[in-house]
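Chain and residue survey
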Amino acid sequence: MVCKHVGLNVASDSFITICYNGCNSAYGEGGLILVSGDDPGALGSQNEQNNRFYGPLFNAPIIEPSTPQEAKDYIIEAYQLSNQHDIPIIYRLTTRIAHSRGKVTYGPILEKPKEKGYFQKDIPKYCSLPPHANRNKARLIERINNIEKESAKSKLNKTLPGKAQTGIVTSGAPYGYTIEALNLLEAKDTPVLKLGITYPVSRELFTSFAQNHDLEKIIVVEEMESFLETQLKKLAHEQKLPVEIIGKEIYPPYGELSTGDVALGLTKILGKEPKINIQNILQKYQETSKIIPARTPTFCPGCPERAALAAIRRVTKDQAIYGGDIGCYVMSFFPPLGVTDWIVCMAGGLGIANGMSFKTDQDIIALMGDSTFYHTGIPALVNSVYNDANVLLLIFDNSCTAMTEHQPHPGAGIRGMGEKSPPIPIEDVAKALGVKYVRVVDPFEVNHTINVLTDALKQRGPKVVISRRECMLLYQRRLKKEKPIEGPIKKEIYWVIPGRCQLCLECVKTLGCTAFRRFVDEEYDEETMYIDQSKCTKCGVCKALCLHCAIARTSIIQYP
């Protein structure tokens, strides 16, 4: 099972019970690994929640790799541990680990697992209601305790010896920062306990680390809240270890760490200065960052969602309330679009809009992706219909789950394993739920889209407008796979007519297409707009939106 950190919130309802039940069959075969993609610093998420705290809540072991090689190797160990102890395991990655690169050595190909099995009935194990739940909980505590004992000898944990009386405990990506920081400080004699199993922390392993190195202080290097630090302080208290444990006194409980952050924190405790002036480097970085233009996340050129958002802005004059949601269209709140007033969770755009519709007479438009509609949007739409909420739901249907690498959904006509299947159209579902006003538009047909949105806002009650156009990335990939045409081909281009452009910037402010550039036309000796043909996808939306008819479409003959 794979999800990002907020996805585990949705899965937690069932996952906690699965931990009670165990993941093995009655024959003792099978393991379950839940891969949680955490995001310290909220680099691409609506929060940076620390999913390590799910470990104690679920009584589920947590395993964290530090390198690409470990990410591969540890998953095998995690599965074997899960299978052996009949317990699900949280395999925690972070954004930095997931995006890292490195040489990875493969081992032998394991035997292909069985594709089919036989379900053996076991009511006390799988029906987790009283009194079975109580017995399952007791068995779960026993299993997690066995994991803690086995962790002392696990090769997922390792100790780097040293003679210094101040040691370090760390895990995950911060382990790499720690090693680099110790090199900068020339403090290689510092003992380090690197934990691959971060919950539960082995009492025996930690105690031996502290006692064998005669440590007076232990620095806990971890990102976000004090998860390891809290466990270690508890163990130190129970074992009566005379050691001071330091963590959040020097490292913040939020955001990502870096080698510089770790080094500066260690300097405060170890009293050693790094070989380089980290403060100067950070200052130069901040100064340089002010000079370099910011790269605001934005839609791909020719994205149909960009076209639909431009139509919304043209209709509402930016005066409506826009309920945002989770998908590519989260980028709509960035300038110059600004078509999002809140982002909470999947289907939160419509869910919140439903309630808000009874407290204001303003026009309310909820945004939702096609994949989100099938995943969590249908219950919110049922709520809209049942309560007659005056909300316009705009669904971006681009035939895939575009934000997470184009996985199929029930409307795509392709199943998860690639087989073709009759799709379940969104409009059929909406009508079946009782929505009376349901329309499908092509966002590249700008004027028609504007007319439909204008008409929809005049209707009372729940309305659904489906903006249907294939994801531009999928479209371009499909074109590349097609057999190339031999000989000259006819090609369309869009260009700005010299002298007609009034530099009103409507193409930038309303559409925000990245194919547009400002430049000085030497022939006319005036500043105007220019379309970068290397980025233009020939969608034609800019031509329809241009207030001064300054964009033309021309056919040219291109020779191979």
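Quick look at the structure, then.

Topic: the side chain of Glu148
- Within the fold, Glu148 resides in helix α6 (residues 132–151).
- At 4.6 Å, Arg203 is the nearest oppositely charged side chain to Glu148, a buried residue that forms no salt bridge.
- Only 2.7 Å separates the side chain of Glu148 from the backbone nitrogen of Arg203, close enough to count as a polar contact.
- Filtering out sequence-adjacent residues up to four positions away, Glu148 remains in contact with Pro200, Val201, Ser202, Arg203 and Glu204.

Looking at the packing of helix α10 (residues 259–270) against helix α11 (residues 278–291)
- Two numbers describe how α10 lies on α11: the axes approach to 10 Å, and their chain directions differ by 145°. At the point where α10 passes α11, the crossing takes the left-handed sense. Contact with α10, carried on its side by Gly260, Ala263 and Leu264, involves Ile278, Gln279 and Leu282 of α11 and no other residues of that element.
- Taken together, the residues of the contact of α10 with α11 break down into 4 nonpolar, 2 polar and no charged.

With respect to the packing of aromatic side chains
- Under the criterion given, the structure shown has 9 aromatic pairs.
- On the basis of an interplanar angle of 65° and a centroid distance of 5.2 Å, the ring pair of Phe15 and Phe58 is categorised as edge-to-face. With Phe15 in helix α1 (residues 5–21) and Phe58 in helix α2 (residues 54–58), this pair connects stretches of sequence that are 43 residues apart. Of the two residues examined, Phe15 and Phe58, each falls in the buried class.
- An aromatic cluster is defined as three or more aromatic residues linked by ring pairs; in this entry it consists of Phe15, Tyr54 and Phe58.
- Against the face of Tyr175 rests Lys194, its NZ or CZ located 5.5 Å from the ring centre.
- Taking NZ or CZ as reference, Arg439 lies 4.0 Å from the ring centre of Tyr437, over its face.

Considerations on the sheet that holds strand β2 (residues 33–38)
- Strand order in the open sheet formed by 5 strands is β1-β2-β4-β3-β8, and the pairing between neighbours is mixed. Unpaired on one side and paired on the other, β1 (2–4) and β8 (197–199) mark the two borders of the sheet.
- Sheet analysis places strand β3 (residues 62–63) next to β8, joined by 2 bridges and oriented antiparallel. Bridge assignment links Ile62 to a residue of β8, and that residue is Tyr199.
- Contacting β1, β2 and β4 (89–94), α1 runs over the sheet at an angle of about 125° to β1.

Regarding the sheet that holds strand β6 (residues 166–170)
- Spatially, 5 strands are ordered β5-β7-β6-β9-β10 in an open sheet, and the strand pairing comes out mixed. At either margin of the open sheet sits one strand with a lone partner, and together these are β5 (158–160) and β10 (244–246). Pairwise comparison of adjacent strand axes, ignoring direction, gives a mean angle of 20° for this sheet.
- The sheet contact formed by β5 and strand β7 (residues 192–194) spans 3 bridges and is antiparallel. Looking across to β7, one finds that Thr159 is bridged to Leu193.
- Helix-sheet contacts for helix α8 (residues 203–212) involve β5, β6, β7, β9 (217–221) and β10, and the interaxial angle to β7 is about 165°.
- The sheet strands contacting α10 are β6, β9 and β10, and the helix crosses β9 at an angle near 165°.

Reading the values: rules and limits
Residues numbered from 1 in each chain as written. Predicted model: local features only at pLDDT ≥ 70, side-chain atom pairs only at ≥ 80, totals over all residues. Heavy atoms only, no water. Helix = DSSP H or I, 4+ residues; strand = E, 2+ residues; numbered from the N terminus. Buried < 20%, exposed > 50% of the residue type's maximum accessible area, 1.4 Å probe, protein only. Lys, Arg positive; Asp, Glu negative; His and termini not counted. Salt bridge = Lys/Arg side-chain N within 4 Å of Asp/Glu carboxyl O. Polar contact = N/O pair within 3.5 Å; in protein donor to acceptor, adjacent residues only side chain to side chain. Contact = heavy atoms within 4.5 Å. Axes fitted to C-alpha atoms, helices over the stretch in contact; angles between N-to-C directions. Left-handed = near helix turned anticlockwise from the far one by under 90°. Nonpolar A, V, L, I, M, F, W, Y, C, P; charged D, E, K, R; others polar. Phe/Tyr/Trp six-rings, centres within 6.5 Å; stacked < 30°, edge-to-face > 60°. Lys NZ or Arg CZ within 6 Å of the ring centre and 35° of its normal. Pairing = 2+ DSSP bridges.

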